[in-house]
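Structural features, examined
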Amino acid sequence: MKTRTLYTFCVLLLVGIVFAATKGPLTTTYLHISETDQSEEASDIAFDKMMDVLTHQRCVNCHPNDHIPKQGDDSHPHYFDVVRGDANLGYQATNCNTCHQSQNNPYSGVPGAPEWSLAPHSMRWEGLNRIEIAESMMDPKRNGGRTPEETLHHLTEHELVLWAWEPGVNADGIPRELPPVSKEEYIKAVKTWFKEGHRIPTK
Amino acid sequence: MKISMHVNDKLHSVDIYDENTPLLWVVRDILDLKGTKFGCGKAACGACTLLVDGEAVRSCSYAVKFANGKHITTIEGLGTKEDPHPVQQAWIEEVVPQCGYCQPGFMMATAALLNKVPNPTDDDIDKNIINVCRCGTYYRMRKAIHRAAELNASEASSTTQNS
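Residues numbered from 1 in each chain as written. Chains lettered and ligands numbered in written order. Predicted model: local features only at pLDDT ≥ 70, side-chain atom pairs only at ≥ 80, totals over all residues. Heavy atoms only, no water.

**Description of the domain arrangement of chain B**
Residues and elements named next belong to chain B. According to the domain assignment, chain B contains domain 1 (2-78) and domain 2 (86-162). Here the C-alpha centroids of domain 1 and domain 2 sit 21 Å apart. With 18 residues of domain 1 in contact, the opposing surface of domain 2 contributes 14 residues. Of the roughly 1,300 Å² buried between domain 1 and domain 2, counting both surfaces, carbon and sulfur atoms make up 62%. (Domains from an automatic or database assignment. Contact = heavy atoms within 4.5 Å. Buried area = accessible area lost by both parts, 1.4 Å probe.)

**Here we look at unusual backbone geometry**
All names here are of chain B. We note that Asn8 has phi near 50°; this positive angle belongs to a residue other than glycine. Considering the arrangement of structural elements, one finds Asn8 in the loop between strand 1 (2-7) and strand 2 (10-15). Residue Asn8 is classed as partly exposed on the basis of its relative accessible area, which comes to 23%. Positioned with a positive phi, Asp53 is a non-glycine residue whose angle comes to about 50°. Structurally, the position occupied by Asp53 is in the loop between strand 3 (49-52) and strand 4 (55-58). (Helix = DSSP H or I, 4+ residues; strand = E, 2+ residues; numbered from the N terminus. Buried < 20%, exposed > 50% of the residue type's maximum accessible area, 1.4 Å probe, protein only.)

**Observations regarding the side chain of Gln57 of chain A**
Residue and element names in this part refer to chain A. Relative to the assigned elements, Gln57 resides in helix 3 (residues 57-60). A residue is classified by how much of its surface remains accessible, and Gln57, at 16% relative accessible area, is buried. Among residues more than four places away in sequence, those in contact with Gln57 are Gly72, Asp73, Ser75 and Glu177.

**Looking at the environment of Trp163 of chain A**
Residue and element names in this part refer to chain A. Relative to the elements of secondary structure, Trp163 occurs in the loop between helix 7 (159-162) and helix 8 (183-195). Taking C-alpha positions, Trp163 is 21 Å from Asp48, a pair spaced 115 residues apart along the chain. In this structure, Trp163 is in contact with Arg58, Asn104, Pro111, Gly112, Ala113 and Trp116, ignoring residues within four places of it in sequence.

**A closer look at the nonpolar core**
Grouped together as the largest cluster of nonpolar side chains are 28 residues, with contacts concentrated most on Val87, Trp91, Phe106, Leu113, Ile129 and Met141 of chain B. Of all elements in the fold, only helix 2 (75-78), helix 3 (86-93), helix 4 (103-116) and helix 6 (138-162) of chain B reach the threshold of two or more residues within this core. Tallying contributions element by element places helix 4 of chain B first for this core, with 8 residues. In this structure, this core is formed jointly by two domains, domain 1 (2-78) and domain 2 (86-162) of chain B, each of which donates at least three residues. Ranked by size, the runner-up nonpolar core spans 24 residues in total, among them Trp125, Val181, Tyr186 and Ile187 of chain A. (Core = buried A, V, L, I, M, F, W, Y, C linked by side-chain atoms within 4.5 Å.)

**Examining the environment of Pro86 of chain B**
Residue and element names in this part refer to chain B. Tracing the chain through its elements places Pro86 in helix 3. For the pair Pro86 and Glu150, spaced 64 residues apart in sequence, the C-alpha separation works out to 8.6 Å. If sequence neighbours within four positions are ignored, Pro86 has contacts with Ala148, Leu151, Asn152 and Glu155.

**So, the pattern of salt bridges**
Counting across every chain of the model gives 18 salt bridges over all chains. Between Asp29 of chain B and Lys34 of chain B there is a salt bridge, and its shortest N-O distance comes to 3.7 Å. Where salt bridges share partners, they join Asp48, Asp52 and Arg130 of chain A into one cluster. (Salt bridge = Lys/Arg side-chain N within 4 Å of Asp/Glu carboxyl O.)

**Some details on the sheet that holds strand 3 of chain B**
Sheets are built from strands that pair by backbone hydrogen bonding, the pairs being arranged parallel or antiparallel. Residue and element names in this part refer to chain B. Strand order in the open sheet formed by 5 strands is 2-1-5-3-4, and the pairing between neighbours is mixed. The open sheet terminates on both sides in strands that have one partner only, identified here as strand 2 and strand 4. On average, each strand axis in the sheet is tilted by 40° relative to the strand beside it, whichever way the strands run. Note: strand 1 against strand 5 (residues 71-73), 2 bridges, orientation parallel. When the bridges of strand 5 are listed, His6 appears paired with His71. Strand contacts of helix 1 (residues 23-30): strand 1, strand 2, strand 3 and strand 5, with the helix running at about 100° to strand 3, the strand carrying the most contacts. Against the sheet, helix 4 engages strand 3, strand 4 and strand 5, with an angle of about 40° to strand 3. (Pairing = 2+ DSSP bridges. Axes fitted to C-alpha atoms, helices over the stretch in contact; angles between N-to-C directions.)

**Quick word on the interface of chain B and chain A**
At the junction of the two partners, chain B supplies 26 residues and chain A supplies 18 residues. Together chain B and chain A conceal approximately 1,900 Å² of surface at their shared face, both sides included; 55% is due to carbon and sulfur atoms. The tally of links from chain B across to chain A stands at 0 salt bridges. Inspection of the region where chain B meets chain A yields 9 residue pairs in polar contact (both at pLDDT 80 or more). Where the side of chain B that touches chain A is concerned, the elements lending two or more residues are strand 4, helix 4 and helix 5 (122-128) of chain B. It is strand 4 of chain B that provides the largest number of residues to the side of chain B that touches chain A, a total of 4 residues. For the side of chain B that touches chain A, the class distribution of residues is 13 nonpolar, 5 polar and 8 charged. (Polar contact = N/O pair within 3.5 Å; in protein donor to acceptor, adjacent residues only side chain to side chain. Nonpolar A, V, L, I, M, F, W, Y, C, P; charged D, E, K, R; others polar.)

Structure representation (structure tokens):
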């Protein structure tokens, strides 16, 4: 009985080895991902996350393609016919700081942050897709002459940019909508994208 | 929080529990200067306009903490009954107000405009004077603003001649 069991076991083992050697998946059937591919994938994921924020109305409202700042989640033209003005700050006597200060106002609902102003016209993003925004953002002719390091600094440390995650309440005391990605995740994504060579995905 | 500020050239120190209290309420309720008016409370109508270091500011939306160390001018400090500011004089000459509630805000905004643009065009006025008047006195205000610019110019010219 024992001999028979041992015999059966050996036969099955042999069949198993032969099957594994001939029918099983070979190492050559796996897709080899090079380090470059992995880097590009990480860059593209970071790019998408960064762009989820930069295409949010909280950012684009102040990067209009005309000379009119936009307001609110529906990006309506700024009330009171406010426009860009010569220095991106409105008109001579009625300008951004007539109403907007360096912090949000919890009582009036008027938002505020340091250096409150419109982005220069060369930095217009309204109507552009993600790739076009990235191209604009990295082009010194359009980004205010910023180097990649300066652009990285603007995107991750400028208080006016980071205000997006502390937008305060509106005039009815209702908190404004936050960008779809957390501040920490966004900063990490931006830093990854720059570290991986700020590669803009192909169109 | 203790706030020290010059209001109409007089130094005031006030103790404020909430540093975000609108400057409007400090001016009206603590300093008892009732000329600056509450309108909308959200920096939209301009009735609460006053000057902070010469710049027009909507005081309903200006936390008092930002006023620390600044020079504030309200309608009471613009001029006096005996010696009105050119803007106030022009307002009298053109009989601008109807109910009058919003007028101090308009006059302060106009004073700020004339500081920056001594001889404003209609376009300058349209762009810079965006307060709201429910009586619709805009037409008379426009005339008064041009008149104030004239008075300002003649005042400046006589000052130059006398010096």
